[in-house]
Each structure stands twice: as structure tokens, then as C-alpha cells.
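# Commentary on secondary and tertiary structure
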Amino acid sequence: MTTTLRPESPETPVAGGGRTRRWQIRANGRPVGALRTTATPVGGEHWGAISELEVWEGRGRGRATIGALAAEEVLRGWDCTRVDVDIPEGAHAARQLAATLGYTERMRNMAKQLTAPPDLPGGVGARPIDAEEFPAWLGEARASHRRQLRTSGLSEAQARARSEAAAPGTLAQGADTPGVVLRRLYAADDSNAPGAAGGAAQAPTALGSLWVELRRVELPDGHPLAWVMGVEVDESRRGHGHGRTLMLLAERECLAAGVHHLGLNVFSGNDPAIRLYTSLGYRVTNRIFGKTLI
């Protein structure tokens, strides 16, 4: 029996100069499944993705495997140097297939439905990141993102390209970008209050920062899904629960804007963050696996 890919629809362009196409998986010329390949330019390279993979006839006969391998060949022909697959949490067979084909888990998406705004702990306060401090904050956010991308298996060049590609579209108007929440978390102790002990006003102690897109995507039921783009605790302040406080702040900001669903990415090796999000009620919705195309 011969299994091949055949185009199901015309190739179409994607933003930034990429391309995408949906394919049929055929056995002896008969459609038995389908998948989609997408190539996206990132920093002088092309990154590939395989999505919408399904086999509706003859499961267990290796058709998904052959389809995925054929999709990799398509992506190589599109000059892709990496490929990612996005797998729903309940698709255990797909995760097993990805592992068999040499993919490793890079990230997890987690989400939570928000109900009542949580209380913030005492001794802290938050304020918006203003235009003056935005450039320095953005540099910090990109550097942190690059470090995390490196730990997920990307090269330094790939991590830099991915990090630099992420911000311009989502922060097009800087600190004043509509639909974006940028906050600094501060200690609200007396020693740093303006004019404490009769002295001159002092800058409050910075604890961390938060970046949330309030309407990242629309869910199938039409409700908006907000997305935590970045949670960063200052290195000297880690281990004191400030990451939890920033997440609670994110939930409050979402509910204040009328958004009741919040999602996030977490890199698979970041066990402390995974434990934190799980303890707050976030559940894994899908996992992203990737590998280098040789």
C-alpha cells in the first residue's frame, strides 16, 4: 500500500512572507487523512509547523507517521530549518508519535477561566510602565525571553530572532498600545515611601513586571482569551511569592477589562513556574514539540 501527500487546497501566503498549504494523506490514491504545513520567516531562517494532522481511516497502520515525515520533506523544500507541532493535551497518541519521530517538548500552553478577582497580598503595589521606562523594560523582557528560548533548545541566533520578532506587532504603540497591560510590582514598605522618616522621597523597591495582552485570540464560543506575554521577578527578589502576586494581578486586570479567560506559555523545563500555575488553577491545553530539520 502506498501512502502519499496530495494538495487539498492552493498554497496561500501568510503574514511576513510565509506560506501555508493543506494536504490530503492518501493511501493508494484514496483520502485517509489530512494535515497542514506552514513556513514562517524568522530572522533570516524559515521555521516550519505541522498542524491539523488527522487520520480518519486506517488508524494504527502508520499513516500518520508517513504523513508527518512527508510533511517534513515539504518543509525542507520550503527551506525550513526547524519544525514545531502543536498537540492538544488529550492527544496521547500524537505525543507518542512526536517522540518517536525525534521531537522534544519545548513549551506548554495553560489556561484558566476567571471568576472573582483575587486579593493581592499586603505590602505590595503596582503601577503602569510609562513611556519613559518602556525602552529599558522592553530590553529586559527580550533578554529574559531569549534566555528561556535558549533553554528550550533554540540556538542563540534563533532565540534572538524569535524574541525580536515577537514584540513589534504586539507593542506597536509602546507603553500606550491599546489592549495591553504593562505593570511594575513594587514593595509598599515604609522605608521606601516618599518622605519616609522626614527624608527626601525615595524610589519604591521594584519587585517584578507583568505584560498581558487582553484579547490575544477569540475562543470558539466568541469570548476573548487574554494571554500572559511575560512575568518577570527581579533576580534578587525571587523565592518570595512575587511571581504568584504578579499572576493574581494579571487576573485582576483581565476581569477589570471584562475578560474571563487567561492563557500563558510555559517552557517545559521550568518546573517552578509549572507548579505555580498549576497551584493557581491553570491546566495544560496543549504542548508544543519541536526539532531541527537537517
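Residues numbered from 1 in each chain as written. Predicted model: local features only at pLDDT ≥ 70, side-chain atom pairs only at ≥ 80, totals over all residues. Heavy atoms only, no water.

## Focus on the nonpolar core
What counts, and what does not: Among the buried residues, those of types Ala, Val, Leu, Ile, Met, Phe, Trp, Tyr and Cys that are joined through side-chain atoms within 4.5 Å form a nonpolar core. Partly exposed describes any residue whose relative accessible area lies between the buried limit of under 20% and the exposed limit of over 50%, with all areas from a 1.4 Å probe on protein chains only and scaled to the type maximum. Counting from the N terminus, the helices are the DSSP runs of H or I reaching at least four residues and the strands are the DSSP runs of E reaching at least two.
Judged by nonpolar contacts, the single largest core of 30 residues is most densely connected at Val212, Cys254, Leu262, Leu264, Tyr277 and Tyr282. Looking at this core element by element, the count peaks at seven residues for helix H5 (residues 242–256). Ile25, Val85, Ile87 and Leu293 belong to the second-largest nonpolar core, a separate cluster that totals 24 residues.

## Notes on the packing of aromatic side chains
Let me state the cut-off plainly: Stacked, edge-to-face and tilted labels apply to pairs of Phe, Tyr and Trp rings (six-membered ring for Trp) whose centres lie within 6.5 Å, assigned for plane angles under 30 degrees, over 60, and everything in between, in that order.
Throughout the structure, instances matching the rule amount to three aromatic pairs. With centroids separated by 6.3 Å and ring planes inclined at 70°, the aromatic side chains of Tyr277 and Tyr282 adopt a geometry described as edge-to-face. Among the residues examined, Tyr282 registers a relative accessible area of 0% and is labelled buried. Joined through ring pairs, the aromatic side chains of Phe134, Trp137 and Trp211 make up one cluster.

## Let's talk about unusual backbone geometry
Of note in this structure, Glu52 is not a glycine but carries a positive phi near 60°. Relative to the assigned elements, Glu52 resides in strand S5 (residues 45–55). For Asp79, which is not glycine, the phi torsion reads 65° and is therefore positive. Following the sequence through the fold, Asp79 ends up in the loop between helix H1 (63–77) and strand S6 (80–88). Classification of Asp79 by relative accessible area gives exposed; the value is 57%.

## Digging into the pairing of strand S7 (residues 104–113)
Inclusion rule: DSSP calls a pair of strands paired once it identifies at least 2 bridges connecting them.
With seven bridges joining them, S7 and strand S13 (residues 283–292) adopt antiparallel strand pairing. Among the inter-strand pairings, Ala111 is bridged to a residue of S13, identified as Arg283. The pairing of S7 with strand S12 (residues 261–267) spans seven bridges and is antiparallel. Note that in S12 the partner of Met110 across the bridge is Leu264.

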